[in-house]
Amino acid sequence: MKIAVCEDRDKEAEWLCDVIRRWSVENGISAQIGSYADAASFSFALEDTLFDALFLDIKMPGENGVPLAKRLRDQEYYMH
């Protein structure tokens, strides 16, 4: 399972990645977690990676998680 965490605050991103890692180990799920500090770096990663789950921060510099989620939905990202 490929999971993206898009969070501009380092401590929060580390905490969420740790929670996801523990959850995956406890449930016997192999997870690759990518952490991105902003929507631009996350969007760049989308060119090469299809993620199974996205954790998008609501408040970030530049494009925040709400318009990013809407854009992904409009592009039918989940259908690829």
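Residues numbered from 1 in each chain as written. Predicted model: local features only at pLDDT ≥ 70, side-chain atom pairs only at ≥ 80, totals over all residues. Heavy atoms only, no water.

J.: Would you take a moment to explain the overall build of the chain for this structure?
T.: The helix and strand inventory of the chain stands at three helices and three strands. Its C-alpha radius of gyration of 12 Å places the chain within 12% of the 12 Å reference for a compact globule of 80 residues. Each principal axis of the C-alpha atoms in the chain carries an extent, and together these give about 35 × 30 × 20 Å. Expressed as a percentage of the 80 residues in the chain, the buried residues total 29%. Pairs at least 24 residues apart make up 64% of the contacts formed inside the chain by residues separated by at least 6 positions. Of the side chains in the chain, 9 bear a positive and 15 a negative charge, and the two mean positions are spaced by 4 Å. (Helix = DSSP H or I, 4+ residues; strand = E, 2+ residues; numbered from the N terminus. Rg over C-alpha atoms; globule rule 2.2 N^0.38 Å. Buried < 20%, exposed > 50% of the residue type's maximum accessible area, 1.4 Å probe, protein only. Contact = heavy atoms within 4.5 Å. Lys, Arg positive; Asp, Glu negative; His and termini not counted. Charge placed at Lys NZ, Arg CZ, Asp CG, Glu CD.)

J.: What should I look at first to understand the pattern of salt bridges in this one?
T.: For side chains of opposite charge, pairing can occur when their charged atoms come near one another. Across all of its chains, the model carries two salt bridges by this definition. For Arg9, the salt bridge is made with Glu12, and the minimal N-O distance between the two is 4.0 Å. For Arg21, the salt bridge is made with Asp18, and the minimal N-O distance between the two is 2.9 Å. Here Asp18 and Arg21 lie together in helix α1 (residues 10-26), a separation of three residues that amounts to about one turn. In this structure Arg21 comes out as partly exposed when scored by relative accessible area, which is 41%. (Salt bridge = Lys/Arg side-chain N within 4 Å of Asp/Glu carboxyl O.)

J.: Teacher, can you tell me more about the environment of Ala4 here?
T.: With respect to the helices, strands and loops of the structure, Ala4 is situated in strand β1 (residues 2-6). Of the residues examined, Ala4 reaches a relative accessible area of 0% and is grouped as buried. Note: C-alpha distance between Ala4 and Leu50 (46 residues apart in sequence) is 9.6 Å. Not counting residues up to four positions away in its chain, the partners in contact with Ala4 are Gly34, Tyr36, Phe42, Phe51, Ala53, Leu54 and Phe55.

All quantities given are derived from atomic positions and should not be read as evidence of function.
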